[in-house]
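Fold and geometry: a report
Okay, here's what each chain looks like letter by letter:
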Amino acid sequence: MLKSVKSYNLMLLLFLNLLYLFLAAEPNDANFPTKEPSFEADDFYYSEDNQSVKAIGNAVFSTSNLMLMADEIFWDYNKSIIVAQGGVIMSSLEIRILAQKIHLDLTNGNFEATELKTGFHPWVLEADKLSRIKTSYELTNVNAYYRHKESLEPNLSAESLELDQNTSHFIAKRLSPRIGTLPLFIFPTIEGNLEKQNSS
């Protein structure tokens, strides 16, 4: 039992540190671009009434420190809102997110990504949804694993995970170390501080 607990603690720390590295590399409000973005696509559809443009086919939206590539990108340039969907790749600073859809507010960096994959080699993190509001992040149905997702690959999953970037406070619900899809055990709720976990 003690060995299992130690293994769980190690996996939890790896999981949270992967997320913490991801968040540390995410742009904050001050990092968001002020220069005019560039926009490329096969076709553009403009709406002067709504002050928006929709790009379809090999769409690329880029600024000084952000690049979005997708099948379709909608840009509301009055509200500074971007919605990218279909094979989305978002590259920002040291982070790359692959997703089905990303909704991004260029004024403050708040975003929501669905059906996403990201991480730092060789660690991979997948989730149904990742949302950021100010310094708070929330993931749902999240799974972390090493390198490749194999049928018997050890991995860590959680129904939800919340982390505050400023305080390092986290809450994980239904956290489970697994072999493939088989849970070894399930913790209903785990709560703590990542900085204290690292220093202990």
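Heads up: these notes are all about the structure in this document. (Residues numbered from 1 in each chain as written. Predicted model: local features only at pLDDT ≥ 70, side-chain atom pairs only at ≥ 80, totals over all residues. Heavy atoms only, no water.)

**Focus on the overall build of the protein**
Stated precisely, the cut-off is as follows: By the criteria applied, helices consist of DSSP H or I runs no shorter than four residues and strands consist of E runs no shorter than two, each listed in order from the N terminus. Classification of residues uses two cut-offs on accessible area relative to the type maximum, computed with a 1.4 Å probe and protein chains only: under 20% is buried, over 50% is exposed, and between them is partly exposed. For this analysis, residues touch if any pair of their heavy atoms sits within 4.5 Å. Residue exposure ignores everything except the shown protein chains as possible cover, and the areas themselves are Shrake-Rupley values with a 1.4 Å probe.
In terms of helices and strands, the protein carries 2 helices and 13 strands. Taken across its 200 residues, the protein has 44% of its residues classed as buried. The contacts in the protein between residues at least 6 apart in sequence include a share of 36% that link residues at least 24 apart. Carbon and sulfur atoms make up 51% of the accessible area of the protein, which totals about 11000 Å².

**Here's the deal with the nonpolar core**
We apply this condition: Nonpolar cores were defined as sets of buried Ala, Val, Leu, Ile, Met, Phe, Trp, Tyr and Cys residues, with membership established by side-chain atoms within 4.5 Å.
Grouped together as the largest cluster of nonpolar side chains are 38 residues, with contacts concentrated most on Phe 61, Leu 68, Ile 73, Ile 82, Ile 97, Ile 102 and Leu 104. Discounting residues that sit within four places of it in the chain, Phe 61 has contacts with Pro 37, Ser 38, Phe 39, Leu 66, Met 67, Leu 68, Ile 73, Trp 75, Ile 82 and Leu 106.

**Remarks on the pattern of salt bridges**
Here is the rule we go by: Each salt bridge in this description consists of a side-chain nitrogen of Lys or Arg and a carboxyl oxygen of Asp or Glu lying within 4 Å of one another.
Enumeration according to the criterion identifies 2 salt bridges in this entry. One salt bridge connects Lys 54 with Glu 72, and the closest N-O pair in it is separated by 3.6 Å. In this pair, Lys 54 is assigned in strand E3 (residues 52-62) and Glu 72 in strand E4 (residues 66-76), connecting sequence segments 18 residues apart. Take Lys 54: its relative accessible area is 34%, and that puts it in the partly exposed class. Judged by relative accessible area, Glu 72 falls into the partly exposed class, the value being 23%.

**Overview of the packing of aromatic side chains**
The condition is simple: When two rings of Phe, Tyr or Trp (its six-membered ring) have centres within 6.5 Å they constitute a pair, described as stacked for plane angles under 30 degrees, edge-to-face for angles over 60, and tilted for the intermediate range.
One pass over the structure, following the stated rule, counts 7 aromatic pairs. Centroid distance Phe 39 to Phe 61: 5.4 Å. Interplanar angle 85°. Geometry classified as edge-to-face. Taken together, the residues span a long stretch of sequence, with Phe 39 in strand E1 (residues 38-40) and Phe 61 in strand E3 at a distance of 22 residues. Here Phe 39 and Phe 61 have matching classes, each one buried.

**What to know about unusual backbone geometry**
Peptide bonds are, in most cases, trans, and in most cases residues other than glycine have a negative phi. At Gln 51, a position not held by glycine, the phi torsion is positive, near 50°. For Gln 51, a relative accessible area of 34% corresponds to the partly exposed category.

**Observations regarding the environment of Phe 74**
Among the structural elements, Phe 74 can be located in strand E4. In this structure Phe 74 comes out as partly exposed when scored by relative accessible area, which is 33%. Along the chain, Phe 74 and Lys 54 lie 20 residues apart, while their C-alpha atoms are 4.4 Å from each other. Residues within four places of Phe 74 in sequence aside, it is in contact with Ser 52, Val 53, Lys 54, Ile 81, Ile 82 and Val 83.

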